[in-house]
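# Structural overview for review
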Amino acid sequence: MYLLLGELHDPVCSAVLLSLESRGHNVSIIGNPMCRPMRLAWQFDTLNSASRLSWEDGTHLSHEEIEGVLVRRPGCVPSDGWSSADLSYVQMETHAALLGWLWSLECPVVNRYPALLWYRRHTPLLFWQLWLERCGLRTLPALISNVEQEARAFGAVLGDQTVYAPLTAAARYRLGCDNDWNKLSILQTVGPVHLTLASMDLRSACVVGSRVVWDGNTPPDAEVLEPAFTHFSALVGLTFVEIFTSPAVDGTRVAAVNPYPCFEDFGQAAQYEIVAELVRLLTADSVPCK
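Everything in this summary refers to the structure shown in the same document. Predicted model, so just to flag it, every value in this text is computed and none were measured.

The next thing to look at is the sheet that holds strand 7 (residues 109–110). With respect to topology, four strands assemble into an open sheet ordered 2-1-6-7, the strand pairing being parallel. The open sheet has two edge strands with one neighbour each: strand 2 (27–30) and strand 7. Sheet topology note: the strand 1 (residues 2–5)/strand 6 (residues 68–71) ladder contains four bridges and is parallel. Of the residues in strand 6, the one forming a bridge with Leu5 is Val71. Here helix 2 (residues 84–104) sits on the sheet in contact with strand 1, strand 6 and strand 7, set at roughly 150° to strand 1. Packed onto the sheet, helix 8 (residues 268–283) meets strand 1, strand 6 and strand 7 and runs at close to 140° relative to strand 6.

With that out of the way, let us pick up helix 5 (residues 148–158). The set of residues buried in helix 5 consists of Ala151, Phe154, Gly155 and Leu158. The buried side chains of helix 5 occupy one side of the element, clustering within an arc of 100° when seen end-on. Seen from the open side of helix 5, the exposed residues pointing more than 90 degrees away from its buried face are Gln149, Ala156 and Val157.

Let us now look at the packing of aromatic side chains. Two numbers describe a pair of aromatic rings. These are the distance of the centres and the angle of the planes. Applying the stated criterion to the full structure yields nine aromatic pairs. A ring pair is formed by Phe127 and Trp128, whose centres lie 5.0 Å apart and whose planes are at 85°; its orientation type is edge-to-face. Judged by its relative accessible area of 27%, Phe127 is partly exposed. For Trp128, a relative accessible area of 0% puts it in the buried group. A cation sits over an aromatic face here: Arg112 above Trp103, 5.5 Å from the ring centre.

All right, on to the packing of helix 1 (residues 11–22) against helix 8 then. At their nearest, the axes of helix 1 and helix 8 sit 10 Å apart, and the two run at 65° to each other. In terms of crossing hand, the pair formed by helix 1 and helix 8 is right-handed. Residue-level contacts link Val12, Ala15, Val16, Ser19 and Leu20 of helix 1 to Val275, Leu278, Val279, Leu282 and Thr283 of helix 8. A breakdown of the residues in the contact of helix 1 with helix 8 according to their chemical character gives eight nonpolar, two polar and no charged.

Another point: the packing of helix 5 against helix 6 (residues 178–188). The geometry of helix 5 relative to helix 6 is characterised by a closest axis approach of 10 Å and an angle of 145° between their N-to-C directions. Note that helix 5 runs across helix 6; the crossing there is right-handed. On the side of helix 5, the interface is formed by Glu148, Ala151, Arg152 and Gly155, while helix 6 contributes Asp178, Trp181, Asn182, Leu184, Ser185 and Gln188. Split by residue class, the contact of helix 5 with helix 6 holds three nonpolar, four polar and three charged.

Take the pattern of salt bridges next. Under the defined criterion, the tally for this structure stands at seven salt bridges. When the shortest N-O distance is used, the salt bridge between Arg138 and Asp250 registers 3.2 Å. One end of the pair, Arg138, is in the loop between helix 4 (125–134) and strand 8 (142–145); the other, Asp250, is in the loop between strand 14 (240–248) and strand 15 (251–258), and 112 residues separate them in sequence. With its nearest N and O atoms 3.0 Å apart, the salt bridge here joins Glu148 to Arg152. Remark: Arg152 and Glu148 occur in helix 5; sequence separation between them is four residues, near one turn of the helix. Each of Arg211, Glu273, Glu277 and Arg280 takes part in salt bridges that share partners, so that together they form one network.

Moving on to the sheet that holds strand 15. Taking strand neighbours across the sheet as the criterion, the four strands line up as 13-12-14-15 in an open arrangement whose pairing is antiparallel. Of all strands in the sheet, those bounded by a partner on one side alone are strand 13 (211–214) and strand 15. Adjacent strand axes in the sheet meet at a mean angle of 30°, parallel and antiparallel pairs treated alike. Strand direction decides the pairing type here: strand 12 (residues 203–208) and strand 14, joined by six bridges, are antiparallel.

Procedures and definitions
Residues numbered from 1 in each chain as written. Predicted model: local features only at pLDDT ≥ 70, side-chain atom pairs only at ≥ 80, totals over all residues. Heavy atoms only, no water. Pairing = 2+ DSSP bridges. Helix = DSSP H or I, 4+ residues; strand = E, 2+ residues; numbered from the N terminus. Contact = heavy atoms within 4.5 Å. Axes fitted to C-alpha atoms, helices over the stretch in contact; angles between N-to-C directions. Buried < 20%, exposed > 50% of the residue type's maximum accessible area, 1.4 Å probe, protein only. Arc of directions from axis to C-beta. Phe/Tyr/Trp six-rings, centres within 6.5 Å; stacked < 30°, edge-to-face > 60°. Lys NZ or Arg CZ within 6 Å of the ring centre and 35° of its normal. Left-handed = near helix turned anticlockwise from the far one by under 90°. Nonpolar A, V, L, I, M, F, W, Y, C, P; charged D, E, K, R; others polar. Salt bridge = Lys/Arg side-chain N within 4 Å of Asp/Glu carboxyl O.

Now the structure itself:
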């Protein structure tokens, strides 16, 4: 049986389920095998691991019977009956156990997330910069500084395309008039701020295994970008990742990386390609576990 870990109506899970079932495979979408109504029994030591998943109707599935797993956004522990402090603790422990269980499986797992991405889903572009540069990919220009003169000099180069981009949120604030810069200087008295170039005309690409699926027409520099994208996905240990690019005067720049691809943002033709490749990854006997 193939397991799809995500919400019941997640568009990726729904599409992959239909595709696998049309090929005669048994498939189940599970919110989180660690949470009710599911029950997971897992026994492991340094060398061995064995588990059994149970449904409410008494159906059982051993780890040996799991043919492949697609990981999307596993559900959270139900909040009823928990204090806020206890709920946070249980949630973290449950997610840790789920991550460990996913890494114990010998079948293909897409995506088998590293711990640092499992717990922090919002990752700023700077988080990925070293890996991107190792693959020959350039990111948008950026500056982190608490020095007002440095920030203004950086803004003078970028002009009215300069944005204040907090590293802990997805919000972006365009810096246009002097009043904006004066407010920013007040923030700099508290701590460093992150400035970057506003991303324009974003183009989205989805890396699925060794394939790169573009949303819309393939860009002219795809032959250069695609090998770099697949190299990047291999370095970070993700077989399913979304990369946003933005045109610049000196060529294409990476504007963002999303380790949890927004499938619904792609057109119908691209969605079909993504699902076909995900199914291939899950069903291929020689697929390495990533």
